[in-house]
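A look at the structure
Residues per chain are reported as follows:
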Amino acid sequence: MPLTAAAAGPRQRAKPSSAAYEAYLRGIYFLRQHRSAEATASLQDAVLLDPTFAEAYAGLARALDSVEKPLCADMALIDTAARRALALDPDLAEAHFALAHSLFHCHFDWQEAGREFQRALALDPGNADTYHQYAFYLASLGRHGEAISAASQARELDPASMLVGSDFAYFFYVGRRYDEAVQQARRALELISISPEDPGVTRFYRFWTLWVLFRSASALGDEETAAEAGRGLMEFYGEGQEAKQVRSLEDFLRWQESWLLRRVRTQPVPAYFFAIASVDSSHYRRALDALEEDCRTRRSFMLLFTGVEPGLDPLRGDPRFARILDCLKLPAEAPVRRAVLTGRAAAPHEE
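The rules behind these values
Residues numbered from 1 in each chain as written. Predicted model: local features only at pLDDT ≥ 70, side-chain atom pairs only at ≥ 80, totals over all residues. Heavy atoms only, no water. Helix = DSSP H or I, 4+ residues; strand = E, 2+ residues; numbered from the N terminus. Buried < 20%, exposed > 50% of the residue type's maximum accessible area, 1.4 Å probe, protein only. Areas by Shrake-Rupley, 256 points an atom, 1.4 Å probe, with all protein chains shown as cover. Lys, Arg positive; Asp, Glu negative; His and termini not counted. Charge placed at Lys NZ, Arg CZ, Asp CG, Glu CD. Contact = heavy atoms within 4.5 Å. Disulfide = S-S within 2.5 Å. Expected span 1.5 Å × (residues − 1). Arc of directions from axis to C-beta. Salt bridge = Lys/Arg side-chain N within 4 Å of Asp/Glu carboxyl O. pLDDT = per-residue confidence, 0-100. Core = buried A, V, L, I, M, F, W, Y, C linked by side-chain atoms within 4.5 Å. Axes fitted to C-alpha atoms, helices over the stretch in contact; angles between N-to-C directions. Parallel < 35°, antiparallel > 145°, perpendicular 65-115°, else oblique. Left-handed = near helix turned anticlockwise from the far one by under 90°. Nonpolar A, V, L, I, M, F, W, Y, C, P; charged D, E, K, R; others polar. Phe/Tyr/Trp six-rings, centres within 6.5 Å; stacked < 30°, edge-to-face > 60°.

Glancing now at the overall build of the protein chain. In terms of helices and strands, the protein chain carries 18 helices and zero strands. Overall size of the protein chain, expressed as C-alpha extent along the three principal axes, is 75 × 45 × 35 Å. When burial is assessed residue by residue, the protein chain has 53% of its 351 residues classed as buried. If you sum the accessible surface of the protein chain, you get close to 16400 Å²; carbon and sulfur atoms cover 53% of it. Charged side chains of the protein chain number 40 positive and 48 negative; the gap between the two group centres comes to 3 Å.

Here is the structure:
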């Protein structure tokens, strides 16, 4: 009796050519090192060398969907690569992950993105990258308990990842669990200081973790820790001499406003950070202008977290803030949307 498709076992994938596989391995290495241009070039080589190589198409979609560029600048290519991977192998977890990434970042298609993330995890429940990105998806909706759970799973699967470790503190921060955010940020900074990863990469991790530490300590009213983190941020921006003069949170906030106005005259400042810093100085209209422009142009990944960012709480009662969430197509049933509709921030453990 012939086997049915269901009984035949896992799909047998054709082995790629050795040249294509080598190009693929280079691309994945560069992708993990956040060298997206080199990753894209290598993965393009892989699919040109072997047009039936599903994993290479999935990797190419991820490389093209890079936060180093304006958000989804290559949207058509990203979608084509992800869907080509799925057409070649519908059961390839990496392909579902790549599509979920695109649906979340590029299309703001929350329902389909969620389904694709879940499909990817069902096919490969041991993939730390998928859990990590799924945590961002959940956090941006205000599903903070689930986000922290997914991020915890990513850490268990890849405990050596500096990226996963530094982002873990952020999930506690946007979940308003500030004590835990401070603890995790301090742990991440210790690990970053001894990381063997590329110095440019670890420098970014250090900045990001210091920023989370600063915001979390400020929210707790821990001015000593906030000022310490603030001095670290100033050193990151080459303001080491000025950092020596900062003794309090108020000192740092004065420097931040002055630096922001100088910096914006010479180069763009990411809208998310610009808006939060503007709120710190009670420049609410300036913050809303930046967020609205970012939503129109879709230039940054961090835009997706506008609705859950504690630093933007003073804007929540403004109709323009609700329109920004409309621009993000956040579903009505999302906890973050319900919180804004009721004119309040989400509770620390609210789901």
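On to the side chain of Gln256. Of note, Gln256 is situated in helix α14 (residues 249–266). For Gln256, the contacting residues outside a window of four places in its chain are Ala277 and Asp280.

By the definition in use, this model includes one disulfide. Linked covalently through their sulfurs, Cys295 and Cys327 form a disulfide whose S-S length is 2.1 Å. Residues Cys295 and Cys327 share a disulfide whose torsion about the S-S bond is about -115 degrees; that sign makes it left-handed. Of this pair, Cys295 sits in helix α16 (residues 284–297) while Cys327 sits in helix α17 (residues 319–327), and the two are 32 residues apart along the sequence. Since its relative accessible area comes to 3%, Cys295 is described here as buried. We classify Cys327 as partly exposed; its relative accessible area is 27%.

Taking 1.5 Å of rise per residue, the 14 residues of helix α8 (residues 144–157) would be expected to cover 20 Å, and the 20 Å separating its terminal C-alpha atoms lies within 8% of that figure. For α8, the complete set of buried residues consists of His144, Ala147, Ile148, Ala150, Ala151 and Ala154. What you see down the axis of α8 is that its buried residues fit within an arc of 160 degrees, all on one side. Residues of α8 that are buried in the fold lie against α7 (128–141) and α9 (162–174).

This next bit is on the pattern of salt bridges. Per the stated rule, a full pass over the model turns up 17 salt bridges. One salt bridge in this structure joins Arg119 and Asp91, with 3.3 Å as the shortest N-O distance. With Arg119 in helix α6 (residues 110–123) and Asp91 in the loop between α4 (75–88) and α5 (93–105), the pair connects residues that are 28 residues apart, well separated along the chain. For Arg316, the salt bridge is made with Asp313, and the minimal N-O distance between the two is 2.7 Å. Through salt bridges with shared partners, a single ionic network connects Arg176, Asp313 and Arg316.

Below, the discussion takes up unusual backbone geometry. With phi around 65 degrees, His34 is a residue other than glycine that occupies positive phi space. Within the fold, His34 resides in the loop between α1 (18–32) and α2 (36–49). Judged by relative accessible area, which is 31%, His34 ranks as partly exposed.

Attention now goes to the confidence of the model for the protein chain. Taken residue by residue, the protein chain gives an average pLDDT of 88. The fraction at 70 or more is 90%. Confidence over residues 1–10 falls short of pLDDT 50; this stretch has one contact with residues more than four positions distant or in other chains.

What follows deals with the nonpolar core. Residues Phe104, Tyr137, Tyr170, Trp211 and Phe305 are the most contacted members of the largest nonpolar core, which totals 113 residues. For Trp211, the residues in contact, after removing those within four places along its chain, are Tyr170, Tyr173, Leu233, Tyr272, Phe273, Ile276 and Glu309.

The subject of this paragraph is the packing of α9 against helix α10 (residues 178–193). Two elements in contact, α9 and α10, have axes whose closest approach is 7 Å; the angle formed by their N-to-C orientations is 165 degrees. By the angle between their axes, α9 is roughly antiparallel relative to α10. The hand of the α9/α10 crossing is left-handed. Contacts between α9 and α10 involve Met162, Gly165, Ser166, Phe168, Ala169, Phe172 and Tyr173 on the former and, on the latter, Tyr178, Glu180, Ala181, Gln184, Ala185, Ala188, Leu191 and Ile192. The residue makeup of the contact of α9 with α10, split by class, is 11 nonpolar, three polar and one charged.

All right, on to the environment of Gln183 then. Along the polypeptide, Gln183 turns up in helix α10. In this structure the C-alpha to C-alpha distance between Gln183 and Glu156, which are 27 residues apart in sequence, comes to 17 Å.

This part takes up the packing of aromatic side chains. Applying the stated criterion across every chain, the model contains 40 aromatic pairs. With a centroid separation of 6.2 Å and 45 degrees between ring planes, the pair formed by Phe97 and Phe117 is classed as tilted. Of the two residues, Phe97 sits in helix α5 while Phe117 sits in helix α6, which places them 20 residues apart along the sequence. With 5.3 Å between their ring centres and 75 degrees between their planes, Phe301 and Phe305 make a pair best called edge-to-face. An identical accessibility class is assigned to Phe301 and Phe305; each is buried.

The topology assignment puts Thr130 in helix α7. Taking relative accessible area as the criterion, Thr130 reaches 2% and is therefore assigned buried. Not counting residues within four places of it along the chain, the set of residues in contact with Thr130 comprises Phe97, Phe117, Ala120 and Leu121.

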